[in-house]
Amino acid sequence: MAKNKGARIIITLRCTNCKKTSNTNAKTDINSSQEAIAKKYKKKIDYTTTKNRRNTPDRLELKKFCPNCNSHTQQKEIK
């Protein structure tokens with residue numbers, strides 16, 4: 001028989017600063033090799049963790065290290 005889902009679920013955390021800066025479409029004077037390097041290092045780094053849905057029903061926010069920003073930033077839960 002199937003078991004209940006349980007209280008713990010797996011969630012994904014994403015940096016809020018990278019999300020803000022990645023949406024800007026400003027043009028800059030960058031040659032093609034620098035642009036390729038920038039794209040290579042601008043990967044979306046996500047953290048996965050678990051949370052108890054009964055104790056924390058709202059979205060989770062943790063302060064974690066973001067390699068794109070190279071600093072500790074707020075990481076918010078995404079769907």
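Residues numbered from 1 in each chain as written. Predicted model: local features only at pLDDT ≥ 70, side-chain atom pairs only at ≥ 80, totals over all residues. Heavy atoms only, no water.

Trainee: How do you make sense of the environment of Lys63 when you look at a structure like this?
Mentor: Turning to its location among the elements, Lys63 is positioned in strand E3 (residues 61-66). The exposed category is assigned to Lys63, whose relative accessible area is 59%. A sequence separation of 48 residues divides Lys63 from Cys15, and the C-alpha atoms of the two residues are 9.0 Å apart. Apart from residues lying up to four places away in sequence, Lys63 is in contact with His72, Thr73 and Gln74. (Helix = DSSP H or I, 4+ residues; strand = E, 2+ residues; numbered from the N terminus. Buried < 20%, exposed > 50% of the residue type's maximum accessible area, 1.4 Å probe, protein only. Contact = heavy atoms within 4.5 Å.)

Trainee: Please clarify how the state of the cysteines should be interpreted in this entry.
Mentor: Disulfide: a covalent bond formed between the sulfur atoms of two cysteine residues. Applying the stated criterion across every chain yields a total of zero disulfides. This cysteine, Cys15, is not joined by any disulfide, and Cys18 carries the nearest cysteine sulfur, 3.8 Å off. Relative accessible area serves as the criterion here: at 3%, Cys15 is assigned to the buried category. There is no disulfide at Cys66, and the cysteine sulfur nearest it, in Cys18, is 3.3 Å away. A relative accessible area of 3% means that Cys66 is categorised as buried. (Disulfide = S-S within 2.5 Å.)

Trainee: How should I be thinking about the sheet that holds strand E1 (residues 8-15) in this particular structure?
Mentor: Read from one edge to the other, the open sheet built from four strands follows the order E2-E1-E4-E3, with strand pairing classed as antiparallel. The two strands at the open ends of the sheet, each matched to only one other strand, are strand E2 (46-52) and E3. Within the sheet, the average angular offset between the axes of one strand and its neighbour, ignoring direction, is 45°. Note: E1 against strand E4 (residues 71-78), four bridges, orientation antiparallel. Following the sheet pairing, Arg14 is matched in E4 by Lys76. (Pairing = 2+ DSSP bridges. Axes fitted to C-alpha atoms, helices over the stretch in contact; angles between N-to-C directions.)

Trainee: I keep staring at the pairing of E1 and nothing clicks. Help me out?
Mentor: Bridge count between E1 and E2: seven bridges; the pairing is antiparallel. Looking across to E2, one finds that Arg8 is bridged to Asn52.

Trainee: Looking at this model, I keep getting lost on the pattern of salt bridges. Mind explaining?
Mentor: Between side chains of opposite charge, a pair can form when the charged atoms approach closely. Throughout the structure, instances matching the rule amount to three salt bridges. Lys51 is the salt-bridge partner of Glu77, the closest N and O atoms lying 3.1 Å from each other. You can see Glu77 sitting in strand E4 and its partner Lys51 sitting in strand E2, a full 26 residues away along the chain. A salt bridge links Glu61 to Lys76; the nearest nitrogen and oxygen atoms lie 3.9 Å apart. In this pair, Glu61 is assigned in strand E3 and Lys76 in strand E4, connecting sequence segments 15 residues apart. (Salt bridge = Lys/Arg side-chain N within 4 Å of Asp/Glu carboxyl O.)

That's the geometry; what it means functionally is another story.
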